[in-house]
Amino acid sequence: MYNNYYCDKVVLITGGGSGIGRGLSQKLAIAGATVICTDIDRDKAAQTVSLISNKKAVALKLDVTMSDDFETVVEGIVKQYSRLDLIFNNAGIAVSGEIRDIAIADWKKIIDINFMGVLYGSQTAYKYMLQQGSGQIVNIASAAGLVDYLALMAPYSVTKHAVVNYTKLLRFEAKTLGIKVSVVCPGFISTSIGKNAVAPNANQSWNEKAVNDVAAGIPVDAAVDNILKGVAANKEIIIFPFQAKAVYLFARLFTGLYKLGVQKMVNNYRENYRLK
Ligand SMILES: NC(=O)c1ccc[n+]([C@@H]2O[C@H](COP(=O)([O-])OP(=O)(O)OC[C@H]3O[C@@H](n4cnc5c(N)ncnc54)[C@H](O)[C@@H]3O)[C@@H](O)[C@H]2O)c1
């Protein structure tokens, strides 16, 4: 389907110790790419690499909130492999709840990881890719970066909108300079992100609901196939599954109705999940 496209490419992945990053690392290694699998938790990245039997992957620590980490890792990759073909800026977290309950510290944390992490990764890779005259930058946003009025997920939605807009602008500028750029906007995928979500003023059952929503998402395997297919085709925005496209279109075409649905969700949250 896309295997030849990735064969012999040198690929850097952030947040590779779990979920989508782990799935990308595994499939890319199988497709013949050399995978530099990184995570803030090096042990988790090493676990991912241990699942890859063809020795096409290495694990490194990279905290996406530290621009120096990107400089060190990318410089090391270019020194060792003479190039960097692809970067997947994938690491991300979720924060949920009403805006009035979310502390500035939680906003800063999610902005640092979800947006600044993508910015540092893109800018660093772009610099090296411009020197080599080729390369591809892939930023993992979310359908939450396309759909407006996503109440109860404001910090997540705001950071993902920023990633979408930044990536579209980068693609526009990079197009004539030989660098490809794509943004990935999935709906729910079954990973640990729901379990790890920060929900500052919600009761336990809200966290369970978040876990169940994500758990009901599509399997990582299918998500990774969608991503790798879209990237190989150099799509600007890679959106899947069908439900994510449907919500996006519905919210744009029938905004009034969509907002009524969101208001119902907020009322339900206030009645049943928000701590007083
Ligand atoms: N799972 C979904 O439903 C879904 C939907 C749309 C978009 N996404 C996006 O996909 C990406 C991957 O999410 P996932 O679902 O695989 O989550 P996950 O929680 O399974 O994996 C995230 C990984 O990022 C790592 N990480 C966290 N902070 C980091 C930091 N500062 N530096 C480096 N690594 C860090 C974690 O250790 C973890 O290994 C995220 O950007 C997320 O927003 C997920």
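Note: the structure precedes this text.
Residues numbered from 1 in each chain as written. Predicted model: local features only at pLDDT ≥ 70, side-chain atom pairs only at ≥ 80, totals over all residues.

### Here we look at the site of the ligand
- As a matter of local geometry, the ligand sits amid 31 residues, with G15, S18, G19, G92 and T191 nearest to it.
- A per-element tally of the shell around the ligand places helix α2 (residues 19-30) first, with 3 residues.
- Taken together, the residues of the shell around the ligand sort by class into 13 nonpolar, 14 polar and 4 charged. (Near = placed C-beta within 6 Å. Helix = DSSP H or I, 4+ residues; strand = E, 2+ residues; numbered from the N terminus. Nonpolar A, V, L, I, M, F, W, Y, C, P; charged D, E, K, R; others polar.)

### Here we look at the sheet that holds strand β6 (residues 179-186)
- Ordered in space as β3-β2-β1-β4-β5-β6-β7, the 7 strands form an open sheet in which the pairing is parallel. Either end of the sheet is taken by a strand with one partner, and the two such strands are β3 (57-61) and β7 (237-240). Neighbour-to-neighbour, the strand axes of the sheet open up by a mean angle of 15°, direction not taken into account.
- Examined bridge by bridge, strand β1 (residues 10-13) and strand β4 (residues 86-89) share 3 bridges and lie parallel to one another. The partner of V11 across the bridge, within β4, is L86. (Pairing = 2+ DSSP bridges. Axes fitted to C-alpha atoms, helices over the stretch in contact; angles between N-to-C directions.)

### Regarding the nonpolar core
- Judged by nonpolar contacts, the single largest core of 77 residues is most densely connected at V11, L12, V35 and C185.
- Per-element tally for this core: the top contributor is helix α5 (residues 104-132), with 7 residues.
- Contact partners of C185, with chain neighbours within four places excluded, come to A141, S142, A143, G145, L146, V164, I237, I238 and I239. (Core = buried A, V, L, I, M, F, W, Y, C linked by C-beta atoms within 7 Å. Buried ≥ 20, exposed ≤ 12 C-beta atoms within 10 Å, placed from the backbone. Contact = placed C-beta atoms within 7 Å.)

### Re helix α8 (residues 220-232)
- Taking 1.5 Å per residue, 13 residues should reach 18 Å; α8 reaches 18 Å between its end C-alpha atoms and fits that length.
- For α8, every residue scored as buried is listed here: V220, A223, V224, I227, L228, G230 and V231. For α8, the angular spread of buried residues about the axis comes to 165°, placing them on one side.
- For α8, the elements touching its buried residues are α1 (3-6), α2, β5 (135-140), β6 and β7.
- In the segment just after α8, N234 is the residue with positive phi, at about 50°. (Expected span 1.5 Å × (residues − 1). Arc of directions from axis to C-beta.)

### Considering helix α4 (residues 67-81)
- With 15 residues, α4 extends 21 Å from end C-alpha to end C-alpha; this agrees with the ideal 21 Å at 1.5 Å per step.
- Those residues of α4 that fall on the buried side of the exposure criterion are D69, F70, V73, V74 and I77. With its buried residues spanning 115° around the axis, α4 presents them on a single face. Away from its buried face by more than 90 degrees, α4 exposes D68, G76 and K79.
- Looking at the buried residues of α4, the elements they touch are β1, β2 (34-39), β3 and α5.

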